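# Architecture and fold: a report
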Amino acid sequence: MIASLFPEDVIVVRATPEMEREPLHPAERAWAERLGENRRREFALGRACARRALARLGIEGFALLSGENRAPRWPPGVVGTLTHCRGFCAAAVARCGALVGLGLDAEPARPLSAPLVERITAEPERARLGALPAAPAVGWGTVLFTAKESLYKCYFPITGAFLGFRDAEIDLDPEAARFTARLCRDEKPSARGARTFHGRYHIDEALVISAVALTAAECSEPPAT
Ligand SMILES: CC(C)(COP(=O)(O)OP(=O)(O)OC[C@H]1O[C@@H](n2cnc3c(N)ncnc32)[C@H](O)[C@@H]1OP(=O)(O)O)[C@@H](O)C(=O)NCCC(=O)NCCS
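Cut-offs used in this document
- Residues numbered from 1 in each chain as written.
- Predicted model: local features only at pLDDT ≥ 70, side-chain atom pairs only at ≥ 80, totals over all residues.
- Heavy atoms only, no water.
- Pairing = 2+ DSSP bridges.
- Helix = DSSP H or I, 4+ residues; strand = E, 2+ residues; numbered from the N terminus.
- Axes fitted to C-alpha atoms, helices over the stretch in contact; angles between N-to-C directions.
- 1 Å grid on protein atoms, 1.4 Å probe; cavity = no way out; pocket = protein on both sides within 12 Å on 5 of 7 lines; lining within 4 Å.
- Points joined across faces, edges and corners; volume = space filled by probe spheres on them.
- Nonpolar A, V, L, I, M, F, W, Y, C, P; charged D, E, K, R; others polar.
- Domains from an automatic or database assignment.

Turning our eyes to something else, we now look at the sheet that holds strand E7 (residues 196-203). Pairing within the open sheet is antiparallel, and its five strands lie in the order E4-E8-E7-E6-E5. Looking at strand neighbours, the two that pair on one side only are strand E4 (99-108) and strand E5 (168-173), the edges of this open sheet. Taken pair by pair, the neighbouring strands of this sheet meet at an average axis angle of 20 degrees, ignoring direction. Relative to strand E8 (residues 207-215), E7 runs antiparallel, the two being bridged by five bridges. Across the sheet, residue Tyr201 finds its bridge partner in E8, namely Ser210.

In this structure, the largest pocket spans a volume of roughly 1000 Å³. Together, 43 residues line the largest pocket, and Ala71, Pro72, Tyr152, Lys153 and Pro157 are the ones closest to its centre. Looking at the lining of the largest pocket element by element, the count peaks at nine residues for helix H5 (residues 140-159). Counted by class, the lining of the largest pocket contains 25 nonpolar, eight polar and ten charged residues. There are two domains that each give the lining of the largest pocket at least three residues, and those are domain 1 (2-102) and domain 2 (104-217). Here the second largest pocket is characterised by a volume of approximately 240 Å³. Lining the second largest pocket are Glu20, Asn38, Arg39, Arg41, Glu42, Leu45, His84, Cys85, Arg86, Gly87, Phe88 and Cys89. Looking at the lining of the second largest pocket, the elements that each hand over two or more residues are helix H2 (37-55), strand E2 (78-85) and strand E3 (88-95).

Given below as C-alpha cells:
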C-alpha cells in the first residue's frame, strides 16, 4: 500500500519484526552511540529498511549517516526518505534523474488538539479544511501535519532550507486522497524552481501516512553541478 503513495520507480521497504534484530553498519553503529536507547532502536530499524531498499538499487554495504538538520546522507545519485513511529517504520528510495526528492511521514491516527491545528495551519488553510466534506475520524489536522512533514523531508535535502509549518499551505483532495503543497513565503527558496509539490495520503485505524515526490518534470531549473 505505501508504495502506491509514490510514483512507480520508487522502492519502498516497510519494517518487519525480524528486521529489529538486524545489525547496523559499523559506521552507523559508531554514529548511533550518541543516541538514547529508544532513538537508537528507531534509527536502527530505519537503517534496516534503507539497507534493503538500497540493495534493490544494487547498492550494498553503504553506511547511511545523518547530515545537517538530521537529513540522511543518501549515496550519490540516490534520493530517499525515512519515517518511524510506533509500530511502523519505512524507507523509500529512487535513482536521481526523473525523481528529485522524496518525503514520507507517518503519525499515529489520533486527532490533533485545536491549538495544535491552529499552530500548524494558516487561517485560509483552516477555512478550506472547514469547507471539505465530512472529515475522517482522525480529523484533517493530522492529515495536514503528516503532509507538511513529508513536504519538509522532500524539500530540505534539495534546498538546505528549514520550513516552518506556516511556510507552506496544503490543499487536500479527499476524493483522490491527494494533496498539493505550495510555498507561501517568497523568502523560502524554491526546490530547483518548484514552489508547488504533490503528494498522496493514506488513513487507516492505526496510522496516517503521507508521501511527497518531486519529479524533474515539475522543476524549472537543472540540477546543481
Ligand atoms: C524532521 C521531522 C519532519 C521528522 O518528523 P518526525 O515525525 O519527528 O519523525 P519521523 O520518524 O517521521 O522522521 C524522522 C526521520 O526523518 C528524516 N529527517 C529528519 N530531518 C530531516 C531533514 N531535515 N530532511 C530530510 N529528512 C529528515 C530522518 O531520516 C529521520 O530519521 P533518522 O533520524 O532515524 O534518520 C520533524 O521532526 C521536524 O523537524 N519538523 C519540523 C519541520 C516541518 O515539518 N515543517 C513543515 C513544513 S510545511
